[in-house]
Amino acid sequence: MAEEGEVRGGATATGAGLSRRRRRRWIRGGACGTAVLLGATATVGGVLYAKLDGNITADEAAAAELARYDKERPTSLVKDAQNILVIGSDSRSGDGNRKYGKDTGTERSDTTILLHLSAGRDSATAVSIPRDLMVDVPSCLKADGTRTEPMFAMFNYAFEMGGSACTIRTVEGLTGVRVDHHMVVDFSGFKEMVDAVDGVEICLAAPIRDKAAKLRLPAGRVTLDGEQALGYVRARKSLGNGSDTDRMDRQQRFLAALVNKVRSNDVLLNPVKLYPVLDAATSSLTTDPDLASLRGLYQLVRGVRNIPTERVQFLTVPRESYVYNANRDQLVEPEAERLFEQLRTDRPIVVSGAAGDTAGKNSSASGTESLNSPSGDTPSPTPTFRGNTAAEDTCG
């Protein structure tokens, strides 16, 4: 047998022997080139992973404060069910947030959502908590190291005075639901997330002309960029009936549309589009230490990516005007406690935009026909709450 590199069969310099040698050199060179390319890709991938991983800020202070009160916190009743508190901060600090107002050194929870993921990861329920809801706020640690006195106050007082740990303890005291994880997102992060997916389509029943929110939009289907989306979800007095209920309804409809956009193949299967989304999402996050990494976030979301959009639900806690101040809110009972019990025990929650409003125009209570049997004697095992799902088309 001829040795490797020897011309076989009397082939000439212009014949098959040289062609084979050239092919072997090309294959070897190609293999080396491929190895170099793969190595470079892995290096770039590693760099990008490290960047994304380093984007997330770990909320170590909140973890320490929550550990201090761990014995007082609710116990998780259902294994593998998860409750994540998502807090939208109205902080004006940082280059991206200063344009929205003077930085006073404080921040409030502009939006707070308790996200419940079922143990079987077959449903996700996002419950909005009104910032004006009157609640019991415990004694909390302030940024200057002093502690507040327990008081009955508006819900967003908790975040303003004691940050995420105080908000978590307030939510747990209100609902009896153990908060497993939390995320804090600011104005700039929200905008960047929307821009990273090339905007989000919503449907408007009427044109919007809002100077305060800097919105000028036509009726019908409209794709909002980040700045427009922020104005749309934050506007309160000039859109709809001016109530916080209407604002939260808009937030929920927008989040449903955002879920659909992010889950679309155009984003998830396109690395060019997916990386900016991940970069924007991670850059905007402050989370508990367990979530403060790509691995932590991946472990959280990997089981929910296949939840049908009709099982991704949005609703607001049943509420009505506070009896002593029409500009504040209070829970509607027993509907609110029934909702919290469903969350604690991981039982099915059903939402419907058609459910009746039992507590006046400024409420978010459940429909009475869903909460009770026709005779009014026995509670329904699966109450229906006013809300919407990610599958609903608001233009339909």
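Here the structure is a predicted model, which is why all the values come from computation and not from measurement.

1. Let's talk about the packing of aromatic side chains
Tallied over the entire structure, the rule returns 3 aromatic pairs. Between the aromatic rings of Phe152 and Tyr322, the centroid separation amounts to 6.2 Å while the plane-to-plane angle is 55°, which identifies the pairing as tilted. One end of the pair, Phe152, is in strand β6 (residues 151-154); the other, Tyr322, is in strand β14 (residues 319-322), and 170 residues separate them in sequence. Given a relative accessible area of 44%, Phe152 falls into the partly exposed group. For Tyr322, a relative accessible area of 17% corresponds to the buried category. Ring centres of Phe190 and Phe254 lie 5.7 Å apart, and the angle between their planes is 45°; on these two criteria the pair is classed as tilted. Placement of the pair is Phe190 in helix α4 (residues 187-196) and Phe254 in helix α6 (residues 244-263), with a sequence separation of 64 residues. Accessibility assignment for this pair places Phe190 and Phe254 in one class, buried. A connected cluster of aromatic rings, assembled from ring pairs, spans Phe152, Tyr322 and Tyr324. Cation over ring: Arg169 sits above Tyr69, and NZ or CZ is 3.7 Å from the ring centre. Between the NZ or CZ atom of Arg250 and the centre of the ring of Tyr232, over which it lies, the distance is 5.7 Å.

2. Quick notes on the confidence of the model for the chain
Considering every residue of the chain, the mean pLDDT works out to 78; 74% of them sit at 70 or more. Every residue in residues 2-44 scores below 50 in pLDDT, and together they form 11 contacts with partners more than four places removed in sequence or on other chains. Here residues 355-377 is modelled with pLDDT under 50, and outside its nearest four sequence neighbours on either side it reaches 57 contacts, counting other chains as well.

3. Digging into the packing of α4 against helix α5 (residues 226-234)
Following both chains from N to C, one finds α4 and α5 inclined at 125°, their axes separated by 8 Å at the closest point. Here α5 runs oblique to α4, going by the angle between their axes. The element α4 and its partner α5 pack so that their crossing is right-handed. In this structure, α4 uses Phe187, Phe190, Lys191, Val194 and Asp195 to contact α5, whose residues at the interface are Gly226, Glu227, Ala229, Leu230, Val233 and Arg234. Along the lines of polarity and charge, the residues of the contact of α4 with α5 split into 6 nonpolar, 1 polar and 4 charged.

4. Overview of the pattern of salt bridges
With the rule as written, the count across this model stands at 10 salt bridges. A salt bridge links Arg178 to Asp70, with the nearest nitrogen and oxygen atoms 3.1 Å apart. Placement of Arg178 in the loop between α3 (157-175) and β7 (181-185) and of Asp70 in the loop between α2 (60-68) and β2 (82-89) is noted, with a sequence separation of 108 residues between them. Here Asp70 falls in the partly exposed class, since its relative accessible area comes to 38%. Between Glu227 and Lys191 there is a salt bridge, and its shortest N-O distance comes to 3.1 Å. You can see Glu227 sitting in helix α5 and its partner Lys191 sitting in helix α4, a full 36 residues away along the chain. Accessibility expressed as a relative area gives 14% for Lys191, which makes it buried. Residues joined in a network through salt bridges with shared partners are Glu337, Glu341 and Arg344.

5. Here we look at empty space enclosed by the protein
The final tally for this structure, using the stated rule, is 2 cavities of 30 Å³ or more. Every residue lining the largest cavity is counted, 14 residues in all, and those nearest its centre are Ser76, Leu77, Val78, Asn83 and Arg344. Space inside the second largest cavity adds up to approximately 40 Å³. Asp110, Thr111, Thr112, Ile129 and Met248 are, among the 11 residues lining the second largest cavity, the residues nearest its centre. Elements supplying a minimum of two residues to the lining of the second largest cavity: β3 (109-117) and α6. Per element, the largest residue contribution to the lining of the second largest cavity is 4 residues, and it comes from α6. Along the lines of polarity and charge, the residues of the lining of the second largest cavity split into 3 nonpolar, 4 polar and 4 charged.

6. Remarks on α3
Spanning 19 residues, α3 covers only 17 Å between terminal C-alpha atoms, well under the ideal 27 Å at 1.5 Å per step. Roughly 135° is the biggest bend found in α3, and it falls at Gly163. Across the 19 residues of α3, 16 count as buried, placing the element largely inside the fold. Count one or two residues on from α3 and you reach Gly176, which has phi positive near 75°.

Definitions and limits used
Residues numbered from 1 in each chain as written. Predicted model: local features only at pLDDT ≥ 70, side-chain atom pairs only at ≥ 80, totals over all residues. Heavy atoms only, no water. Phe/Tyr/Trp six-rings, centres within 6.5 Å; stacked < 30°, edge-to-face > 60°. Helix = DSSP H or I, 4+ residues; strand = E, 2+ residues; numbered from the N terminus. Buried < 20%, exposed > 50% of the residue type's maximum accessible area, 1.4 Å probe, protein only. Lys NZ or Arg CZ within 6 Å of the ring centre and 35° of its normal. pLDDT = per-residue confidence, 0-100. Contact = heavy atoms within 4.5 Å. Axes fitted to C-alpha atoms, helices over the stretch in contact; angles between N-to-C directions. Parallel < 35°, antiparallel > 145°, perpendicular 65-115°, else oblique. Left-handed = near helix turned anticlockwise from the far one by under 90°. Nonpolar A, V, L, I, M, F, W, Y, C, P; charged D, E, K, R; others polar. Salt bridge = Lys/Arg side-chain N within 4 Å of Asp/Glu carboxyl O. 1 Å grid on protein atoms, 1.4 Å probe; cavity = no way out; pocket = protein on both sides within 12 Å on 5 of 7 lines; lining within 4 Å. Points joined across faces, edges and corners; volume = space filled by probe spheres on them. Expected span 1.5 Å × (residues − 1). Bend = angle between axes of the 7 residues up to and from the residue.

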